[in-house]
Amino acid sequence: MLICLLGGFGAIFVTRSRAPHTAPPPKPEAVEAALPAPSGSASAGPGASAVASAGVVPSGSAGAAPVANGSGSAGAPAVDAKPEPLLDRPLKVVSLGWELAAPGLLANEGQAPGPKSVFTAAGLDVRISVQDAMSAVEEALARGGGDENGADVAVVPLPTFLAAYERLRALSPEVFFVVGFSRGREAFAAKDGLPTGPVKGDVTLVGTPGAPATFVGLFLLDVAGVPAANVKVVAPGSREEKEAGFVAFDRTEAGADGAAGRKIVLTTADAPRLVPLVAVAPRGLVTDKERALAALAKGFLEGQKKLAADPPGGARIVAAAKGAPEPLALLRRLGDVAPASIGDNARMAGLSGRGALTLTTLFQRTWQLYRGASVLATPPPETPPIATNVIAALARSGALPGGDGKSEAGKGKLSEGEKPLVVFRQEKFDEEALIDTVGLLAAVFERSVVRVSVTSAAGVDGAKSKKVIEAAEGRFDLESGKLVAPKKAGAKGAAVVEVMALP
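Residues numbered from 1 in each chain as written. Predicted model: local features only at pLDDT ≥ 70, side-chain atom pairs only at ≥ 80, totals over all residues. Heavy atoms only, no water.

**So, the overall build of the chain**
- The number of helices and strands found in the chain is 19 helices and 16 strands.
- Within the chain, buried positions represent 46% of all 503 residues.
- Accessible surface, the chain as shown: approximately 25000 Å² in total, 55% of it carbon and sulfur. (Helix = DSSP H or I, 4+ residues; strand = E, 2+ residues; numbered from the N terminus. Buried < 20%, exposed > 50% of the residue type's maximum accessible area, 1.4 Å probe, protein only. Areas by Shrake-Rupley, 256 points an atom, 1.4 Å probe, with all protein chains shown as cover.)

Below is the structure:
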């Protein structure tokens, strides 16, 4: 039996097929090491460099092998190598106003890619257009990026986007990035200031339905105790304008005359996070082309960095585009826009920190106000149209242009003026609701001191006031000194929250 097994093994060994062995090609480092050095020198001279750059090894050299290298140095990538395209066609972006498009135009070196376009270096062909009316932006989004006059992405103020959401619902548009914040453009004026007590009946607000300034007016009136359902919004120039107690207007368009003889109570410079400027795209694009949209967002961050380094130069470059305003007018508009860093985006998306002011919170609050004022007629979508995947991808990628800290919109020391800017009153004490309101107002008016008073029959209840303050500071990670408990409440109510005006 052993002899039979031995014979079978020998037969298998003799008759089996053998695959020829091919040695792996030598590494470029090994080839360079095998090259003979010129006599009398420890380093290769010009002749050796020329030989190496040609990819030819002199005959007779040990381990010599032809080295194919089109870059001029062994093992280095080709100089003219292009990045892998992130899209098989141009990505088209439409912006509502030149100031919103400015970072993208600088990064792209124009409306079409320039020779040193940041987007092109990332594998993206970006084409940027600018419109003056939201209706034109909506039309471009409806056409899509594959159409000559269409667009894949829109850059617009968040309140403007929400006012148009019902008309764009079929596209399933989603916010995927915060480009910046409006700073001082929207203004709110009143004849006798904001109310600090109960208001009977309806009030009239002069403003354009769906405009960011109108949203600011509705928000402030709601905080002061006037629900949006009790606010009648009338258009500028209407018969009711002269008798209206409140006016919300765009200072860029109307200037100081927009107040129409009323005193300006505040602007978005007092509430620098209330109106985010956002990038919006259909859900399918946000889901399927995350890398392309992340490259777009990163390019806008780089453009913001260039604009901050040289605002006059950036304004001149943007003003050179067809249809753009003059540099002086553009600089005025650029001054009303604060850039948003990746850190700002992470906080607004709810991915970092415990802030009360997020895109989701603003979406829900804006929709509530717009529906109450009859700007919108339908219930909000079950899930807010906020996508966080692009922001999360940028945050994971590490250091980015624009930094991770707070932008200019949130910088500055806390200040407490003598008079309240906005007063919120709670008729019946509700601790949880009060804590949420304190956190929201502290985030919206981030440079102002916020006074919190819980009252009782004897006056301000110091113990309860301190408890609410400590709970709000812990829940929303508020800095020390932001919330204070005064000895006397500024208005009547079970609880009073006063946002103090900047001095």
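**With respect to the side chain of E138**
- The topology assignment puts E138 in helix α6 (residues 134–143).
- Judged by its relative accessible area of 12%, E138 falls in the buried class.
- Look past the residues within four positions of E138 in its chain and what remains in contact with it is A164, R167 and L168. (Contact = heavy atoms within 4.5 Å.)

**Quick look at unusual backbone geometry**
- A positive phi angle, close to 60 degrees, is found at E109, a residue other than glycine.
- Examined against the element boundaries, E109 turns out to sit in the loop between α4 (98–108) and α5 (118–121).
- When its relative accessible area of 35% is taken as the criterion, E109 is described as partly exposed.
- Even without glycine at this site, S374 takes up a positive phi of about 65 degrees.
- Tracing the sequence through the fold places S374 in the loop between α16 (359–372) and α17 (389–396).

**Quick word on the packing of helix α13 (residues 311–319) against helix α14 (residues 327–334)**
- At a closest axis distance of 9 Å, the pairing of α13 and α14 adopts a crossing angle of 120 degrees. Classified by the angle between their axes, α13 and α14 sit oblique to one another. Crossing hand, α13 versus α14: right-handed. Residues P311, P312, A315, R316, V318 and A319 of α13 form the contact with α14, whose own contacting residues are P327, L330, L331 and L334. (Axes fitted to C-alpha atoms, helices over the stretch in contact; angles between N-to-C directions. Parallel < 35°, antiparallel > 145°, perpendicular 65-115°, else oblique. Left-handed = near helix turned anticlockwise from the far one by under 90°.)

**Some points on the pattern of salt bridges**
- Throughout the structure, instances matching the rule amount to 20 salt bridges.
- In this structure, the salt-bridge partner of K467 is E431, at a minimum N-O distance of 3.9 Å. In this pair, K467 sits in helix α19 (residues 462–476) while E431 sits in helix α18 (residues 431–444), placing the two residues 36 residues apart along the sequence.
- Salt-bridge contacts for D436 lead to R475; the nearest nitrogen and oxygen are separated by 3.0 Å. In this pair, D436 is assigned in helix α18 and R475 in helix α19, connecting sequence segments 39 residues apart. (Salt bridge = Lys/Arg side-chain N within 4 Å of Asp/Glu carboxyl O.)

**Side note on the pairing of strand β2 (residues 126–131)**
- Of the two faces of β2, the one holding V126, I128 and V130 is buried and the one holding R127, S129 and Q131 is not buried anywhere.
- Relative to β2, strand β1 (residues 91–96) is paired through six bridges, and the arrangement is parallel. Its bridge partner lying in β2, L96 is registered against Q131. (Pairing = 2+ DSSP bridges.)

**So, the pairing of strand β7 (residues 231–234)**
- The pairing of strand β6 (residues 203–206) with β7 spans four bridges and is classified as parallel. Bridge pairing links V203 to V231 in β7.
- Handedness of the crossover joining β6 and β7 through helix α9 (residues 212–223) is recorded here as right-handed. (Right-handed = clockwise from strand over helix to strand, strands pointing away.)

**Quick word on α9**
- End to end, α9 covers 17 Å across twelve residues, agreeing with the expected 16 Å (1.5 Å per residue, within 8%).
- Burial within α9 is extensive, with twelve of its twelve residues counted as buried.
- Every buried residue of α9 is accounted for by P212, A213, T214, F215, V216, G217, L218, F219, L220, L221, D222 and V223.
- One or two positions beyond α9, positive phi appears at G225, with a value near 105 degrees. (Expected span 1.5 Å × (residues − 1).)

**Examining the side chain of Q426**
- Along the chain, Q426 falls in strand β12 (residues 420–426).
- Not counting residues up to four positions away in its chain, the partners in contact with Q426 are A433, L434, G493, A494 and A495.

**A closer look at α16**
- With 14 residues, α16 extends 20 Å between its outermost C-alpha atoms, agreeing within 8% with the 20 Å of an ideal straight helix rising 1.5 Å per residue.
- Residues of α16 that are buried: L359, L362, F363, T366, W367, L369 and Y370. On an axial view of α16, the arc spanned by its buried residues comes to 165 degrees, and they lie on one face.
- Where α16 is buried, its residues meet α7 (158–163), α8 (165–168), β4 (173–182), α9, β10 (276–282) and α15 (342–348).
- At the C-terminal side of α16, S374 shows a positive phi close to 65 degrees. (Arc of directions from axis to C-beta.)

**Quick look at the sheet that holds strand β11 (residues 337–339)**
- If you trace the six strands from one edge of the open sheet to the other, you get β2-β1-β3-β10-β4-β11, paired in mixed fashion. Strands at the two margins of the open sheet, each flanked by one partner only, are β2 and β11. Pairwise comparison of adjacent strand axes, ignoring direction, gives a mean angle of 30 degrees for this sheet.
- On top of the sheet, α4 reaches β1, β2, β3 (153–157), β4, β10 and β11; it is set at about 160 degrees to β2, its chief contact.

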